[in-house]
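Letter by letter, the chains look like this.
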Amino acid sequence: MPHDASRSHSNPAWQRELTSRHPLIPGSILAELASAFGLEEVRERRVTDVSFDRLSRNLGVLAALAGDGMGLLPVVPDAVTAEVTSPEQAVEKSHRLTAAVADKGTGSLFDEAAAAALDRRRELISKQADGRPQQVAPEGAHGWTHGDMQYRNLLWDGEELAAVLDWDRVGVRPYAEEVARTAQVQFGVDGVFDLARVSAFVGGYRSVMPLEDSALADGVRRLWWKRMTDFWQLEFHYDRGDFSCDELFTADEVLLHWWTDRLDQVEDAFAAG
């Protein structure tokens, strides 16, 4: 039976077992972690702060850690699926949010920016619709992945990776999806991709977990379309009254347009890894 790649599974028992088997996957209590490793300083940092020559090896370790824990987890299903939002669904959602801006907004600068961004996004979706993924089944291998390999969940001792935190989003996903999302979160900074670091990261990952170029291209294109058709930060703002992600929307919107203008260049950077 196909498995929905968007779902994750959490099991405290196996998480404890995974932690006990591998000292580089401790719990998220920093004091305990520092004590266990005898570290003078353990902190979170963006990978862009780490020297370039260590980048591939350090992030390759992440893939190795994920693979090392797979034997503790339930059997991976034979197939996974990944929903592809239709242009019509995305445009409909954008219109609903435009109405929400008018109804719930206060005329703030963010409201003005959100309304303008939604207008531009509808134009972009219409123009780029033919470039969306056409198949429900992702290309390439799949298996258990961390699911949220962002800088806040990585702890470093100097330039050495000390720990990977927050395993509550572990789930079965295409490996290419994990690679693409991690690269975007880590290296999609200030509205652009650091393509050299993307290639270095992918090279490190592929040294542990082989991925075909076609699978990488599929994973990157799927993530691009997901970002194109997703408005979660605006849903937080206008549906929940949660403004904590407003800055993320602004930054991600700039990156989306930059990425769209350079689709082939970005996919080539992933393939070069």
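Each remark here, short or long, concerns the structure printed above.
Residues numbered from 1 in each chain as written. Predicted model: local features only at pLDDT ≥ 70, side-chain atom pairs only at ≥ 80, totals over all residues. Heavy atoms only, no water.

Draft legend 1. Region of the structure containing the nonpolar core. Counting 42 residues, the largest nonpolar core has V179, F193, L234, W259, V266 and F270 as the members making the most contacts within it. At the level of secondary structure, the elements contributing two or more residues to this core comprise α4 (87-104), α5 (109-128), α6 (175-187), α7 (195-206), α8 (213-228), α9 (232-240), α10 (246-261) and α11 (263-271). Excluding residues within four positions of it along the chain, L234 makes contact with L97, F110, A114, L118, D239 and F249. Of all hydrophobic cores here, the second largest spans nine residues; its members include V80, W144, L154 and V170. (Core = buried A, V, L, I, M, F, W, Y, C linked by side-chain atoms within 4.5 Å. Buried < 20%, exposed > 50% of the residue type's maximum accessible area, 1.4 Å probe, protein only. Helix = DSSP H or I, 4+ residues; strand = E, 2+ residues; numbered from the N terminus. Contact = heavy atoms within 4.5 Å.)

Draft legend 2. Main features of unusual backbone geometry. One non-glycine residue, D190, lies in positive phi territory at about 60°. Here D190 lies in the loop between β8 (188-189) and β9 (192-193).

Draft legend 3. Up close: the environment of G105. As for its placement among the helices and strands, G105 is situated in the loop between α4 and α5. Accessibility expressed as a relative area gives 25% for G105, which makes it partly exposed. A C-alpha to C-alpha distance of 7.7 Å links G105 and Y238, two positions 133 residues apart in sequence. Ignoring sequence-local partners within four residues, the contact set of G105 consists of A100, D111 and Y238.

Draft legend 4. Region of the structure containing the side chain of E267. With respect to the element layout, E267 can be found in helix α11. Given the relative accessible area of 14%, E267 is considered buried. Only 2.7 Å separates the side chain of E267 from the side chain of R221, close enough to count as a polar contact. Aside from chain neighbours lying at most four places away, what touches E267 is A217, V220 and R221. (Polar contact = N/O pair within 3.5 Å; in protein donor to acceptor, adjacent residues only side chain to side chain.)

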